[in-house]
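# Structural overview
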Amino acid sequence: MRILPVLCALLLPMLLGVTGLSLARGSHQECERRGGFCSHRSCPPGIGRVGLCSEQEFCCRMRWYP
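Small disclaimer: the values here were computed from a predicted structure and weren't measured.

Criteria and cut-off values
Residues numbered from 1 in each chain as written. Predicted model: local features only at pLDDT ≥ 70, side-chain atom pairs only at ≥ 80, totals over all residues. Heavy atoms only, no water. Disulfide = S-S within 2.5 Å. Helix = DSSP H or I, 4+ residues; strand = E, 2+ residues; numbered from the N terminus. Buried < 20%, exposed > 50% of the residue type's maximum accessible area, 1.4 Å probe, protein only. UniProt positions renumbered as here; feature names shortened; annotations may be inferred. Pairing = 2+ DSSP bridges. Axes fitted to C-alpha atoms, helices over the stretch in contact; angles between N-to-C directions. Salt bridge = Lys/Arg side-chain N within 4 Å of Asp/Glu carboxyl O.

What is meant by a disulfide is a covalent connection between two cysteines, made through their sulfur atoms. The tally for this structure, following the rule as stated, stands at three disulfides. Shown here is the disulfide that connects C38 with C53, its sulfur atoms set 2.0 Å apart. Judged by the torsion about the S-S bond (-90°), the C38/C53 disulfide is left-handed. Residue C38 is located in strand β1 (residues 37-40), and its partner C53 is located in the loop between β2 (47-52) and β3 (57-62); the two are separated by 15 residues in the primary sequence. Judged by its relative accessible area of 24%, C38 is partly exposed. On the accessibility criterion, C53 (5% relative accessible area) is buried. Counting only the cysteines that form disulfides, in the order they appear in the protein chain, gives the pairing 1-5, 2-4, 3-6.

With that out of the way, let us pick up the UniProt feature "domain: Beta-defensin-like" (unreviewed entry) in the protein chain. The sites that carry the UniProt feature "domain: Beta-defensin-like" (unreviewed entry) are, in the present numbering, residues 28-61. As annotated, residues 28-61 has a helix share of 18% and a strand share of 44%, and its two end C-alpha atoms lie 13 Å apart.

Let us now look at the sheet that holds β2. If you trace the three strands from one edge of the open sheet to the other, you get β1-β3-β2, paired in antiparallel fashion. The strands lining the two open edges of the sheet, one partner per strand, are β1 and β2. The sheet shows a mean angle of 50° between the axes of neighbouring strands, taken without regard to direction. Here β2 runs beside β3; their pairing, made up of five bridges, is antiparallel. Of the residues in β3, the one forming a bridge with G48 is R61.

What follows covers unusual backbone geometry. The residue R41 is not glycine, and still its phi comes out positive at about 75°. Secondary-structure assignment places R41 in the loop between β1 and β2.

So, about the pattern of salt bridges. For the structure shown, the criterion picks out one salt bridge. For E30, the salt bridge goes to R33, with nearest N and O atoms at 2.6 Å. With E30 and R33 both in helix α2 (residues 28-33) and three residues apart, this pair spans about one turn of that helix. The exposure class assigned to R33 is exposed, which follows from its relative accessible area of 61%.

Below, the structure is given as structure tokens:
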């Protein structure tokens, strides 16, 4: 039973990558299409991270709450 948490920890990232929910790859154009902007190293306070533009840039977007 000890192997179950380890197995889940290994399978979850693989499943997220397969379904496209991973933040592994991105581009400036994809970020802009999603209504965001690229920010170096981190997003400004109050703005959420929605993806990656490159290895060192995050795609950031203002969070809208209804």
